[in-house]
Amino acid sequence: VGNGNEEMAAALRQCRLLQTEGERLKCYDAIAVKSSMPLFSGRLTATTDRFTITAPHVLRYESDGPIFVMYLKNDAGDVLQNLHIGGGGQERYVIEQPGTYFLTISGSETWRVWLDPK
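All of the points below concern the structure found in this document. All residue numbers refer to position in the chain's written sequence, counted from 1. Predicted model: local features are reported for residues with pLDDT of at least 70 only, side-chain atom pairs are reported and counted for 80 or more only, and whole-chain, interface and lining totals are derived from all residues. Excluded from the side-chain calculation are hydrogens and water; included are all heavy atoms of the structure.

## Describing the state of the cysteines
Part 1 of the argument: By convention in this document, the label disulfide applies to cysteine sulfur atom pairs within 2.5 Å. Per the counting criterion, the structure on display carries one disulfide.
Part 2 of the argument: Through a disulfide, cysteine 15 is tied to cysteine 27; the S-S separation comes to 1.9 Å. The sign of the S-S torsion, about -75°, decides the handedness of the disulfide formed by cysteine 15 and cysteine 27: left-handed. Placement of cysteine 15 in helix H1 (residues 3–16) and of cysteine 27 in helix H2 (residues 21–35) is noted, with a sequence separation of 12 residues between them. Only DSSP runs of H or I with at least four residues qualify as helices, and only runs of E with at least two residues qualify as strands; both kinds are numbered from the N terminus onward.

Set out below in C-alpha cells:
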C-alpha cells in the first residue's frame, strides 16, 4: 500500500467517525474533490477543448510556476473572465451561467484545471 493510499484510508476513517450524515457527506465530498483528476493539465501555453455546463460549476485551477494567466471564453471566443495566479498556488472561480466554454492558458510551468459542480 503506497503512501497516498494510506493517507486516503486515514482520511476516510476520520470521515466515518463523524456523527451526522451531513458532516460525513461533506467530509467524503472534500476527499473526492481533493483526489479527483484534473479535467485539463499541461505546461506553458494551451487552449482547451470546449466544455458545456448546464448548472453552476467551480473552475479550480493550480499552477506550479510564478506566472499563470487563464482566460475563460464563451463558445464564440469572447473573453468572459481573466483569471491569474502570481507565485503559484491554487485559486477558484464560479461559472454561474450554463453554456459552452473553453480556456486559453499561459503559464511559466505546469498547471492543472478542474471543473467541479457547485
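## Description of the pairing of strand E5 (residues 79–86)
Part 1 of the argument: Only strands that DSSP links by at least two bridges are regarded as paired with each other. As paired elements, strand E4 (residues 67–74) and E5 share seven bridges and run antiparallel to each other. Bridge pairing links valine 69 to histidine 84 in E5.

## A word on the pairing of strand E3 (residues 57–63)
Part 1 of the argument: Remark: exposure states derive from per-residue accessible area (1.4 Å probe, protein chains only) relative to the maximum for the residue type, with buried under 20%, exposed over 50%, and partly exposed in between. With six of seven residues buried, E3 is to be regarded as a mostly interior element.
Part 2 of the argument: Of the strand pairs in this sheet, E3 and strand E6 (residues 89–95) are connected by seven bridges, and their pairing is antiparallel. Bridge pairing in E6 links histidine 57 to isoleucine 95.

## Some words on the nonpolar core
Part 1 of the argument: The biggest cluster of nonpolar side chains holds 16 residues, and the ones touching the most others in it are Phe51, Met70, Leu103 and Val113.
Part 2 of the argument: Counting residues per element, the ones that place at least two in this core are strand E2 (51–53), E3, E4, E5 and strand E7 (99–117).
Part 3 of the argument: Broken down by element, this core gets its largest block of residues, five residues, from E7.
Part 4 of the argument: The contact rule is simple, with two residues in contact once any of their heavy atoms fall within 4.5 Å. Once you skip the residues sitting within four places of it in the chain, phenylalanine 51 turns out to touch Phe40, Leu72, Ile95, Gly99, Thr100, Tyr101, Phe102, Leu103 and Leu115. Only buried residues count toward a nonpolar core. Its members are Ala, Val, Leu, Ile, Met, Phe, Trp, Tyr and Cys residues joined through side-chain atoms within 4.5 Å.

## Considerations on the pattern of salt bridges
Part 1 of the argument: A side-chain nitrogen of Lys or Arg and a carboxyl oxygen of Asp or Glu constitute a salt bridge if their distance falls within 4 Å. Tallied over the entire structure, the rule returns six salt bridges.
Part 2 of the argument: The partner of aspartate 116 in a salt bridge is arginine 60, and the shortest N-O contact between them spans 2.9 Å. Here aspartate 116, found in strand E7, pairs with arginine 60, found in strand E3; they are 56 residues apart in sequence, far enough to count as distant. Arginine 60 carries the same exposure label as aspartate 116, and that label is buried.
Part 3 of the argument: Note that arginine 112 is salt-bridged to aspartate 64, the shortest N-O span being 2.8 Å. Residue arginine 112 is located in strand E7, and its partner aspartate 64 is located in the loop between E3 and E4; the two are separated by 48 residues in the primary sequence.
Part 4 of the argument: Members of the salt-bridge network, linked through shared partners, are Glu62, Asp64 and Arg112.

## Concerning the side chain of arginine 60
Part 1 of the argument: With a relative accessible area of 8%, arginine 60 lands in the buried category.
Part 2 of the argument: If sequence neighbours within four positions are ignored, arginine 60 has contacts with Val33, Ser36, Gln90, Glu91, Arg92, Arg112, Val113, Trp114 and Asp116.

## Quick look at the side chain of threonine 104
Part 1 of the argument: Note that threonine 104 resides in strand E7.
Part 2 of the argument: Accessibility expressed as a relative area gives 16% for threonine 104, which makes it buried.
Part 3 of the argument: What qualifies as a polar contact is a pair of N or O atoms within 3.5 Å, subject to a donor-acceptor requirement within protein and to the restriction that residues adjacent in sequence count only when both atoms come from side chains. Separated by 3.2 Å, the side chains of threonine 104 and lysine 73 make a polar contact.
Part 4 of the argument: Excluding residues that lie within four positions of it along the chain, threonine 104 makes contacts with Ala46, Thr47, Val69, Met70, Tyr71 and Lys73.

In short, geometric facts, not functional conclusions.
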